[in-house]
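Descriptive analysis of the structure
Read off the chains here:
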Amino acid sequence: VSADRAVGSWSPTAGGVLPILAYPDDSFMGQVVHTRIYPRLPARFRCVQVYETALTAAILELTLSGCGVAWLPHLLAARGLEEKRLIDLTDMLG
């Protein structure tokens, strides 16, 4: 879990609304995000689910397209982070 990263093209000036690219509750990533990540989010953010899929590759593509914020395995997000196509929001979001 510590290798997962909150990434996206979202700006903290978006009125405190986090457009979430989510995983289904019954998927592995969904369980991780719902039990370990969402509870740690600062109260100033309101999560709004804009899309849901169990496919991390699809979540990555949606994130790269600017559709929202996602928690992705670092290995999957590494290239986008290196190319500055993704922003690591982990420190801001927890």
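Residues numbered from 1 in each chain as written. Predicted model: local features only at pLDDT ≥ 70, side-chain atom pairs only at ≥ 80, totals over all residues. Heavy atoms only, no water.

Tracing the backbone shows Ser27 in the loop between β2 (17-22) and α1 (28-37). On the accessibility criterion, Ser27 (13% relative accessible area) is buried. Looking at Ser27, its side chain comes within polar contact range of the main-chain oxygen of Pro24, at 2.8 Å. (Helix = DSSP H or I, 4+ residues; strand = E, 2+ residues; numbered from the N terminus. Buried < 20%, exposed > 50% of the residue type's maximum accessible area, 1.4 Å probe, protein only. Polar contact = N/O pair within 3.5 Å; in protein donor to acceptor, adjacent residues only side chain to side chain.)

Grouped together as the largest cluster of nonpolar side chains are 23 residues, with contacts concentrated most on Leu18, Tyr23, Ile59, Val69, Trp71, Leu72 and Leu93. Every element with two or more residues in this core is listed here: β2, α1, α2 (56-64), β4 (69-73) and α3 (74-82). (Core = buried A, V, L, I, M, F, W, Y, C linked by side-chain atoms within 4.5 Å.)

Before going further, it helps to spend a moment on the packing of aromatic side chains. The tally for this structure, following the rule as stated, stands at one aromatic pair. Here the aromatic rings of Tyr38 and Trp71 are separated by 5.9 Å at their centres, their planes lie at 85°, and the arrangement is edge-to-face. Residue Tyr38 is located in the loop between α1 and β3 (46-52), and its partner Trp71 is located in strand β4; the two are separated by 33 residues in the primary sequence. (Phe/Tyr/Trp six-rings, centres within 6.5 Å; stacked < 30°, edge-to-face > 60°.)

Peptide bonds are, in most cases, trans, and in most cases residues other than glycine have a negative phi. Here Lys84, not a glycine, exhibits a phi torsion of approximately 60°, which is positive. Counting through the fold element by element, Lys84 comes out in the loop between α3 and β5 (87-88). Assessed through its relative accessible area of 71%, Lys84 is described here as exposed.

The subject of this paragraph is the pairing of β2. Of all six residues in β2, five are buried; the element is thus mostly enclosed. Across six bridges, β2 lies against β3 in parallel orientation. Residue pairing for β3: Pro19 is matched across the bridge by Val48. With respect to chirality, the unit in which β2 leads through α1 into the neighbouring parallel β3 is right-handed. (Pairing = 2+ DSSP bridges. Right-handed = clockwise from strand over helix to strand, strands pointing away.)

The subject of this paragraph is the pattern of salt bridges. Scanning the model with the defined rule gives two salt bridges in all. Across the pair Arg79 and Glu83 runs a salt bridge whose closest N-O atoms are separated by 3.0 Å. Notably, a salt bridge pairs Glu83 with Arg85, separated by 3.5 Å at the nearest N-O pair. Residue classification places Arg85 among the partly exposed residues on the basis of a relative accessible area of 48%. Members of the salt-bridge network, linked through shared partners, are Arg79, Glu83 and Arg85. (Salt bridge = Lys/Arg side-chain N within 4 Å of Asp/Glu carboxyl O.)

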